[in-house]
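Residue-level structural notes
Spelled out from the first residue to the last, the chains are:
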Amino acid sequence: MNRVAADIGGTNSRFAWLGDGETTVREYRNADFSDLCQVIARFLDEEGKPTVKIERMVLALPAPVEQRPVRLTNIDWRVDPQSLQQKFPIQELSLVNDFQAAAVGAINASSPRRLNPAAPHASAGPAVVAGAGTGLGQAWFADISRDELPRATEGGHADFAPQGAQQRELQAWLEQRHGGHVSCERLLSGGGLAAIHEFLGGAALDAAAVEQGARAGDATAVEAVQMFVSIFGAHAGNLALLSNPAAGIHLCGGVVAHLADWFDDGFLESYSNKGRMRHKVEGIPVYLHDRADIGMQGAIQIALQG
C-alpha cells in the first residue's frame, strides 16, 4: 500500500506517506513554494519516492472543491486535479475540503476536553465542527454513526453577531477596515485575534505574539484572548441553536489548540447566554481538541478508507 494524505492550510501544509507498516509526516511553509505541485514534488523527493506509484492521494484543501481548478482561500494557489495526475504517478486522486478532514479527525479523536460537562455524551446523531486557524472552518455530520464524510460549509463567512457595546464598537471598527461586511472569520482566526488586540489599543502583532504576551501577563493581550474566547463561545452557542447537534460541537484548529488553556475562562457563560434558550444549549456537549494536526489525522483516515 502506497498512499499519500495531505492537509493544505493557509500557512502550512502537512503531508503523510502511508506505506505498508510505515507512516511518515512532514510539514512545509507554504510561503516557501509558488504552488502545490512544488510542495508535492519536495515531499516525494524527501521520501525518496518521486516515481513510486501512489495508489491513492487525498488532498484536504482550504476551499470549496467542486469547481475546477480549485482556488484556495487565504493562499494564492490553484489546484487542477488533471494536471496533478499528469505530473505525478497518482492512481486515484481525491480532493476534500480541509474542514471535512478536520471534522473526521475531530470526531474520531480520543479524549477531547469537555467544555460543557453537564451535557450528556452521544455516540450518534448530528455534530458540528468549527475550527479557528488561518481562517474559520466549519463542517457538520448528519449522523456521526454513519460511515460518510461530513458536509463542508462556508459558515465562517456568516455575519459576526456582536454582543454588548464593546463588541459593537469592534464590529464598526472592522467594517471601516474591511469596507463593509464583517464575517465571523474576521474575529475567529489568527488574524482575528491580532485584530482584536489592535482594536483594544495594542500594537499590530500576529496571533502568536498576542498569545505570548497574554501568557506573560500583558493586560491588553490578556483582554484580547478573553474577548476572542467569549466571541467563540457566543458563536458556538449560535451553532447549537441552528443545528441542534445531539452529538455535540467540536472546536479545533491551530489557534484553538494554542489557546486551549484560556477556554476555561468565560467560554461556557458566553456559549450559554442565549436568553430563553439557555437550557437548550446547556444540554448540548461541547468538546475542545488541542491537537494542531487534527486535519492531518482526518486526511490520513480518509486516505486509508477503501
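Our structure is the block above this text.
Residues numbered from 1 in each chain as written. Predicted model: local features only at pLDDT ≥ 70, side-chain atom pairs only at ≥ 80, totals over all residues. Heavy atoms only, no water.

**Describing the overall build of the chain**
To keep things clear, this is the line we draw: Counting from the N terminus, the helices are the DSSP runs of H or I reaching at least four residues and the strands are the DSSP runs of E reaching at least two. Restricting the calculation to C-alpha atoms gives the radius of gyration, and the globule rule supplies 2.2 Å times the number of residues raised to the power 0.38. Burial classification: accessible surface area is computed with a 1.4 Å probe over protein chains only, and a residue below 20% of its type maximum counts as buried, one above 50% as exposed, and the rest as partly exposed. In this analysis, two residues are considered to be in contact whenever any of their non-hydrogen atoms come within 4.5 Å of each other. Note on areas: these come from Shrake-Rupley sampling with a 1.4 Å probe, and a residue is covered only by the protein chains present in the view.
Within the chain one finds eleven helices and 13 strands. A compact globule built from 306 residues should have a C-alpha radius of gyration of about 19 Å, and the chain, at 20 Å, falls within 12% of that. Each of the three principal axes of the chain carries a C-alpha extent, and together these read 60 × 45 × 35 Å. Relative to its 306 residues, the chain shows a buried fraction of 51%. The long-range share in the chain, meaning contacts at least 24 apart out of those at least 6 apart in sequence, stands at 67%. As displayed, the chain offers around 13600 Å² of accessible surface, 46% of which is attributable to carbon and sulfur atoms.

**Describing the packing of aromatic side chains**
What characterises a pair of aromatic rings is the spacing of the ring centres plus the angle enclosed by the ring planes. What counts is decided by this rule: Here is the rule: rings of Phe, Tyr and Trp (six-membered ring for Trp) pair when centre to centre is within 6.5 Å. Planes less than 30 degrees apart are stacked, more than 60 are edge-to-face, and the remainder are tilted.
For the structure shown, the criterion picks out eight aromatic pairs. With a centroid separation of 6.2 Å and an interplanar angle of 75 degrees, the aromatic rings of Phe15 and Tyr28 are classed as edge-to-face. Placement of the pair is Phe15 in strand β2 (residues 12-19) and Tyr28 in strand β3 (residues 22-29), with a sequence separation of 13 residues. Taking the relative accessible area as the measure of exposure, Phe15 reaches 0% and is therefore buried.

**As for the environment of Lys49**
Operational definition: Between N or O atoms, a polar contact is any pair within 3.5 Å; within protein, one atom must be a potential hydrogen donor and the other a potential acceptor, and residues adjacent in sequence are included only when both atoms are from side chains.
Here Lys49 is to be found in the loop between α1 (36-47) and β4 (56-61). A C-alpha to C-alpha distance of 12 Å links Lys49 and Ile90, two positions 41 residues apart in sequence. Setting aside anything within four residues of it in sequence, one finds Lys49 in contact with Trp17, Glu22 and Leu44. There is a polar contact of 3.5 Å between the side chain of Lys49 and the backbone oxygen of Glu47.

**So, the packing of helix α4 (residues 164-178) against helix α5 (residues 190-199)**
When two helices pack together, their arrangement is given by the angle between the helix axes and by the axis-to-axis distance. Quick reminder of the rule: Helix axes use the C-alpha atoms of the stretch in contact, all axes being lines fitted to C-alpha atoms, and the angles between their N-to-C directions lie in the range 0 to 180 degrees. Should an angle lie under 35 degrees it is considered roughly parallel, over 145 roughly antiparallel, and from 65 to 115 roughly perpendicular; all remaining angles are considered oblique. Throughout, the ten residues Ala, Val, Leu, Ile, Met, Phe, Trp, Tyr, Cys and Pro are labelled nonpolar, Asp, Glu, Lys and Arg are labelled charged, and all others, Gly among them, are labelled polar.
Where α4 contacts α5, the axes come no closer than 11 Å and their chain directions differ by 110 degrees. By the angle class used here, α4 and α5 are roughly perpendicular. Of the residues in α5, those touching α4 at Gln166, Glu169, Leu170, Trp173, Leu174 and Arg177 are Ala195, Ile196, Glu198 and Phe199. Partitioning the contact of α4 with α5 into residue classes produces six nonpolar, one polar and three charged.

**Some remarks on the sheet that holds β2**
Note the threshold: If DSSP finds at least two bridges between two strands, the strands pair.
Pairing in this open sheet of five strands is mixed, and the strands run β3-β2-β1-β4-β7 from one edge to the other. In this open sheet, the two strands that pair with only one neighbour each are β3 and β7 (93-97). Mean inter-strand twist for the sheet, computed between neighbouring axes without regard to direction, equals 15 degrees. The pairing of strand β1 (residues 3-8) with β2 spans six bridges and is classified as antiparallel. Residue Asp7 lies in a different strand from β2, and its bridge partner there is Arg14.

**Some words on the packing of α5 against helix α7 (residues 219-243)**
This is how it is decided: Crossing handedness is defined as follows: a turn of the near helix away from the far one that is anticlockwise and smaller than a right angle gives a left-handed crossing, while the clockwise case is right-handed.
Taken N-terminus to C-terminus, the directions of α5 and α7 make an angle of 130 degrees; their axes are 9 Å apart at the nearest point. As the angle between them shows, α5 and α7 are arranged oblique. Considering the relative orientation of α5 and α7, their crossing is right-handed. Where α5 abuts α7, its residues Leu193, Ile196 and His197 lie against Thr220, Ala221, Ala224, Val225, Met227, Phe228 and Ile231.

**Quick look at the environment of Phe228**
Position of Phe228 relative to the elements: it lies in helix α7. Sequence separation of Phe228 and His197 is 31 residues, and the distance between their C-alpha atoms is 9.4 Å. With residues up to four places along the chain from it excluded, the contact list for Phe228 reads Ala132, Leu187, Leu188, Ser189, Leu193, Ile196, Val255, Leu259 and Phe263.

**Details of the pattern of salt bridges**
The condition that has to hold: Every case where a carboxyl oxygen of Asp or Glu lies within 4 Å of a side-chain nitrogen of Lys or Arg is listed as a salt bridge.
Within this structure, the stated rule accounts for 16 salt bridges. Note that Asp76 is salt-bridged to Arg78, the shortest N-O span being 3.1 Å. Judged by relative accessible area, which is 41%, Arg78 ranks as partly exposed. Among the ionic contacts, a cluster of salt bridges with common partners joins Arg113, Glu211, Arg215, Asp261 and Asp264.

**Regarding the sheet that holds strand β13 (residues 286-288)**
Ordered in space as β8-β13-β12-β9-β10-β11, the six strands form an open sheet in which the pairing is mixed. The open sheet terminates on both sides in strands that have one partner only, identified here as β8 (113-114) and β11 (151-153). Relative to β11, strand β10 (residues 136-141) is paired through three bridges, and the arrangement is antiparallel. Among the inter-strand pairings, Gln138 is bridged to a residue of β11, identified as Thr153. In the packing of helix α3 (residues 98-107) onto the sheet, contacts are made with β9 (127-132), β10, β11 and β12 (249-252), and the angle to β10 comes to roughly 60 degrees. Along the sheet, α7 makes contact with β9, β10 and β12, crossing β9 at roughly 155 degrees.

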